[in-house]
Amino acid sequence: AQRVTQPEKLLSVFKGAPVELKCNYSYSGSPELFWYVQYSRQRLQLLLRHISRESIKGFTADLNKGETSFHLKKPFAQEEDSAMYYCALKGPGGYNKLIFGAGTRLAVHP
Amino acid sequence: DAGVTQSPTHLIKTRGQHVTLRCSPISGHKSVSWYQQVLGQGPQFIFQYYEKEERGRGNFPDRFSARQFPNYSSELNVNALLLGDSALYLCASSLAGSGGRGGGETQYFGPGTRLLVL
């Protein structure tokens, strides 16, 4: 079965520290993975996708098929990075189903 | 463009009642997907509609139904409400519904409707 696991409910770091939000997935085919972010009082929005291999707001994520992971990383956390982060996997079939993890709350302290 | 809009923002119902939630996609988007987000969990896929037809359905009972109108707006209906239906219901729109390779379709989420069943 397809599944996304985010093992940490809360990640607390100080400003300037490196950040790694963990995401592991279970999928039998070739996965398409995304990171979504929800800032306080804002709607859920796409942060980045693995196919684009892009860096958004200093965040990067590399797909590791051997470890079935798609961890989100940033070398120096900023206070404005504090938010809820969801890892998502595109489900099978030819339609737009996303399978989300439970989310990790990132708190960046001054 | 205001983005995806949903109504109402909040709703309180009692067990056994019926509820209708509404979603208006971004102008030009033809696909609407519905998700249920229970407190402490990630969103869970309920339905996708594209060009007024159901394209996909998640693991939800038949009490949940939806439809899409010619203007691409959508309604989610839930019958015989249970306490466990209390959740945030999210609508997401995208340009097309194929979700094919090449990155899939970016889904743009609305603010959600918070439903409380007493």
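Scope of this entry: the structure provided in the associated data block.

Procedures and definitions
- Residues numbered from 1 in each chain as written.
- Chains lettered and ligands numbered in written order.
- Predicted model: local features only at pLDDT ≥ 70, side-chain atom pairs only at ≥ 80, totals over all residues.
- Heavy atoms only, no water.
- Helix = DSSP H or I, 4+ residues; strand = E, 2+ residues; numbered from the N terminus.
- Buried < 20%, exposed > 50% of the residue type's maximum accessible area, 1.4 Å probe, protein only.
- Polar contact = N/O pair within 3.5 Å; in protein donor to acceptor, adjacent residues only side chain to side chain.
- Contact = heavy atoms within 4.5 Å.
- Disulfide = S-S within 2.5 Å.
- Salt bridge = Lys/Arg side-chain N within 4 Å of Asp/Glu carboxyl O.

A closer look at the side chain of Gln68 of chain B
Residue and element names in this part refer to chain B. Along the chain, Gln68 falls in strand 7 (residues 64-68). We classify Gln68 as buried; its relative accessible area is 7%. Within the local environment of Gln68, its side chain forms a polar contact with the backbone nitrogen of Glu51, the two atoms lying 3.4 Å apart. Apart from residues lying up to four places away in sequence, Gln68 is in contact with Lys30, Ser31, Val32, Tyr49, Tyr50, Glu51, Lys52, Glu53, Ser73 and Ser74.

Examining the state of the cysteines
Counting across every chain of the model gives two disulfides over all chains. A disulfide bridge connects Cys23 of chain A with Cys87 of chain A, and the sulfur atoms are separated by 2.0 Å. Because the torsion about its S-S bond is -65°, the bridge between Cys23 of chain A and Cys87 of chain A counts as left-handed. Here Cys87 of chain A lies in strand 9 (residues 83-90) and Cys23 of chain A lies in the loop between strand 3 (19-21) and strand 4 (24-26), a separation of 64 residues in the sequence. Of the two residues, Cys23 of chain A and Cys87 of chain A, neither departs from the other in class, the shared state being buried. Here Cys23 of chain B is linked by a disulfide to Cys91 of chain B, with a sulfur-sulfur distance of 1.8 Å. In this structure, the disulfide formed by Cys23 of chain B and Cys91 of chain B twists by about -60° around the S-S bond and is classed as left-handed. Of this pair, Cys23 of chain B sits in strand 3 (residues 19-24) while Cys91 of chain B sits in strand 9 (residues 87-94), and the two are 68 residues apart along the sequence. In this structure, Cys23 of chain B and Cys91 of chain B share a single accessibility class: buried.

Focus on the pattern of salt bridges
For the coordinates displayed, the defined rule picks out nine salt bridges over all chains. Among the ionic pairs, Glu20 of chain A bridges to Lys73 of chain A, the shortest N-O distance being 3.6 Å. Here Glu20 of chain A is found in strand 3, whereas its partner Lys73 of chain A is found in strand 8 (residues 72-74), with 53 residues between them in sequence. With relative accessibility at 28%, the residue Glu20 of chain A sits in the partly exposed group. For Asp85 of chain B, the salt bridge is made with Arg63 of chain B, and the minimal N-O distance between the two is 2.8 Å. Of this pair, Asp85 of chain B sits in the loop between strand 8 (74-78) and strand 9 while Arg63 of chain B is found in the loop between strand 6 (53-57) and strand 7, placing the two residues 22 residues apart along the sequence. For the pair shown, Asp85 of chain B and Arg63 of chain B are each scored as buried. Counted as one network, the salt bridges with shared partners bring together Glu20, Lys22 and Lys73 of chain A.

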